[in-house]
Amino acid sequence: MTRAPSESTRRTDSLSRDEHLLKKAIRLNTTLLGSICGCLTGLILFAITLWAYALKGDQSSYLGLLGIFLPGYSVSPLGALVGLFWGGVIGAAMGAWTYWVYARNAGPRLVDYVLRSDRAQQVIEHSVLRLDGNALGIALGSLLGVQLLITTNSLVLRGTAAESPHAALLAHYLPGYSVSPAGSLIGAFDVFVIAYLFSRLLAWGYNQIADHRYHRLRG
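Would you take a moment to explain a positive patch on the surface for this structure?
On the surface, Lys23, Lys24, Arg27 and Arg104 cluster together into a positively charged patch. For the positive patch, the element with the most residues is helix H1 (residues 7–55), which contributes three residues. Its place among the elements puts Lys24 in helix H1.

Structure, rendered in structure tokens:
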């Protein structure tokens, strides 16, 4: 005769299933956000390129600088298609990375707060979305820092660092930055700090409004 599972065993199994579902939801959301960001970024770059090509103004030469970082890109109909491709790839990577890092940092607290709560259903029904400033800062800061590292060092590897005055202008805003491997590390750190502090400030302001709305609704 088999014994019925105890309450603690059933609760453990339920938590395990819920955590598994949460991880699958994070993977799905990462894919969805990456796809959405990729499509938007690609289409925006495609449209801007055709617009600049049609106007043939100064913005055309400035936009053409993207060809330094995007192989095959130019301000032309063919370049617009290349921009659509690279915009999709880069946008998808940015969106997926941002959500994945944010979820990795904020996800465990969500599990502890919701899934392990005895009143999980009530928590979900009456919850108000709040931003985790630390997780958001790490996600955006690391994303922008890595981008600066890649773009700067790509200029160095291609031997066009001295021909990139626009990149050198960043030194006015990022102390210690230069178009060099060492300068890229300093600049990446500067960008990370700026993005992190901005994210903390943004999350604080948003959460203040969200909390005010939540208390007003609870009355």
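Mind showing me how you'd approach the side chain of Ser184 here?
On the secondary structure map, Ser184 appears in helix H7 (residues 181–218). For Ser184, the contacting residues outside a window of four places in its chain are Leu149, Thr152, Asn153, Tyr177 and Ser178.

Just to check I follow, could you spell out the packing of aromatic side chains for this structure?
For any pair of aromatic rings, the description consists of the separation of the ring centres together with the inter-plane angle of the planes. For the coordinates displayed, the defined rule picks out three aromatic pairs. On the numbers, 5.1 Å between centres and 70° between planes, the contact of Phe85 with Trp86 is edge-to-face. Trp86 sits in the partly exposed class, given a relative accessible area of 26%.

Cut-offs used in this document
Residues numbered from 1 in each chain as written. Predicted model: local features only at pLDDT ≥ 70, side-chain atom pairs only at ≥ 80, totals over all residues. Heavy atoms only, no water. Patch = residues over 30% accessible without salt bridge, like charges linked within 9 Å, V, L, I, M, F, W, Y side chains within 5 Å. Areas by Shrake-Rupley, 256 points an atom, 1.4 Å probe, with all protein chains shown as cover. Salt bridge = Lys/Arg side-chain N within 4 Å of Asp/Glu carboxyl O. Lys, Arg positive; Asp, Glu negative; His and termini not counted. Charge placed at Lys NZ, Arg CZ, Asp CG, Glu CD. Helix = DSSP H or I, 4+ residues; strand = E, 2+ residues; numbered from the N terminus. Contact = heavy atoms within 4.5 Å. Phe/Tyr/Trp six-rings, centres within 6.5 Å; stacked < 30°, edge-to-face > 60°. Buried < 20%, exposed > 50% of the residue type's maximum accessible area, 1.4 Å probe, protein only.

So far we have only geometry, and geometry alone does not tell us how the molecule works.
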